[in-house]
Amino acid sequence: MISTADRLHTVEEYYFSRKLREVRELISEGKPIINMGIGSPDLAPSPEVLQTLTTAMTEPGAHQYQSYQGLPELREAVARFYTEKFGVDMDPAKEILPLMGSKEGIMHISLAFLNAGDEVLIPNPGYPTYSSVTRLVGAVARTYQLSESRGWFPDLEALEKQDLQKVKLMWVSYPHMPTGAMASREQFEALVEFAKRNRILLVNDNPYSFVLGKDPLSLLSVEGAKDISLELNSLSKTFNMAGWRVGMVLGNDKHINAILKVKSNMDSGMFYGIQKGAIAALNSGKIWFEQLDAIYQKRRQLLCQLADKLGCTYDPEAVGMFIWARLPAGAGNSEEFIDRILLEKHLFIAPGTIFGSCGEGYIRFSLCVPEEKIREAIKRI
């Protein structure tokens, strides 16, 4: 057998990839599993988006290779969206790069800016892909701890007392995944100043602003942020388009050009019809967001009842499509708890530990579950 690359020894199979095999096995055995662990929207995109995709299929050139930078109309739609929703003006020709999902952008950014041995500040708890990609490109993952007592925001004063000379990049994610915590404008300003003082590229991963978020905020709205920052965003959660794989990265032209060098060597452009559908989604009116929030608000209320029955506590003000809940005393560790619930009640809930050691003692519920399924889950407890 041909040996694998050494870099594969630095990562493990993604938790959900492994755990969902177990869930599928239970389902094949006839167990009535309700999956409350995955943040994959179960709702459809708007009829306008679907119709636009269908119409685009017959347009001339629709099935040819597309531009690595995406359609100019798509970049213009992203620019309008950021102006209208965040009050941020970006040059669609130079400062916006569409991506095949923002997860792709994590790899592209890492390849574009990190050398072997560079250090990367990664939130704990946080999205596991930040760490795995960092290791895959030969850089050093250096976690910073987040806690409920500090509102899941980093202690920048404590961080600055450490040796940061080798730190090249810092990942943040607000609204925060998995906790749903928001960052204020003052906190974003503090992050930008921290990054400037320490010559660190700051990247905000921002796909959750429009799920139960009343006052969406972009890191790029902070004065001077473009000099030192990038922001990733996605249509997956906001427009129920997770499987479409549409994201974007925004920043100054030098940073975007560096990422484009990587991207242009890794794909041949996003399918034309998907880009046209993405444009229609980004042009959605106020009613789309109100209807989506109404659905998620009802689901959240029901999931809070489920969390209450399990004896958990949670932040009622958190946003995004998850409920991050603290386990009651004596419940055991997170993975033991969710395994027990899976086997005894046939409910799959994500353990907080998959997002880092600071997730111990917490579990995460997804709002991507129909109301009737949540009601059934409540009955099972």
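Our subject is the structure that appears above.
1. Focus on the pattern of salt bridges
Consideration 1: What the rule picks out here adds up to 12 salt bridges.
Consideration 2: With a shortest N-O distance of 2.6 Å, Arg142 and Glu119 are connected by a salt bridge. Of this pair, Arg142 sits in strand β4 (residues 140–145) while Glu119 is found in strand β3 (residues 119–124), placing the two residues 23 residues apart along the sequence.
Consideration 3: Residue classification places Arg142 among the buried residues on the basis of a relative accessible area of 18%.
Consideration 4: In this structure, the salt-bridge partner of Glu376 is Arg380, at a minimum N-O distance of 3.1 Å.

2. Some remarks on the packing of helix α4 (residues 102–113) against helix α5 (residues 128–136)
In a pair of packed helices, the angle between the axes and the distance between the axes together describe the arrangement.
Consideration 1: As a packed pair, α4 and α5 sit with axes 10 Å apart at the nearest point and diverge in direction by 35°. Crossing geometry of α4 relative to α5 is assigned as right-handed. Together, Lys103, Ile106, Met107 and Ser110 of α4 and Thr129, Tyr130, Val133 and Leu136 of α5 make up the contact between the two elements.
Consideration 2: Taken together, the residues of the contact of α4 with α5 break down into 5 nonpolar, 2 polar and 1 charged.

3. Quick notes on α4
Consideration 1: If you check α4, its first and last C-alpha atoms are 17 Å apart, about what 12 residues at 1.5 Å a residue would give, namely 16 Å.
Consideration 2: Among the residues making up α4, those that are buried are Ser102, Glu104, Gly105, Ile106, His108, Ile109, Ser110 and Phe113.

4. Structural notes on the side chain of Lys263
Consideration 1: Inspection of the secondary structure puts Lys263 in helix α8 (residues 253–263).
Consideration 2: Not counting the four nearest positions on each side in its chain, Lys263 is found in contact with Tyr68, Leu97, Pro98, Leu99, Met100, Glu104 and His108.

5. Observations concerning α5
Consideration 1: Restricting attention to buried positions, one finds in α5 the residues Thr129, Tyr130, Ser131, Ser132, Val133 and Thr134.
Consideration 2: Among the structural elements, α4, β3, β4, β5 (167–172) and β6 (201–205) are those in contact with the buried residues of α5.
Consideration 3: Looking one or two places after α5, you find Gly138, whose phi comes out positive at around 90°.

6. Some details on the pairing of strand β2 (residues 96–99)
Consideration 1: Going residue by residue along β2, you find Ile96 and Pro98 tucked away on one face and Leu97 and Leu99 tucked away on the opposite face as well.
Consideration 2: Sheet topology places β2 next to strand β8 (residues 247–251); 4 bridges connect them, and they run antiparallel. Along β8, the bridge assignment pairs Ile96 with Leu250.

The rules behind each value
- Residues numbered from 1 in each chain as written.
- Predicted model: local features only at pLDDT ≥ 70, side-chain atom pairs only at ≥ 80, totals over all residues.
- Heavy atoms only, no water.
- Salt bridge = Lys/Arg side-chain N within 4 Å of Asp/Glu carboxyl O.
- Helix = DSSP H or I, 4+ residues; strand = E, 2+ residues; numbered from the N terminus.
- Buried < 20%, exposed > 50% of the residue type's maximum accessible area, 1.4 Å probe, protein only.
- Axes fitted to C-alpha atoms, helices over the stretch in contact; angles between N-to-C directions.
- Left-handed = near helix turned anticlockwise from the far one by under 90°.
- Contact = heavy atoms within 4.5 Å.
- Nonpolar A, V, L, I, M, F, W, Y, C, P; charged D, E, K, R; others polar.
- Expected span 1.5 Å × (residues − 1).
- Pairing = 2+ DSSP bridges.

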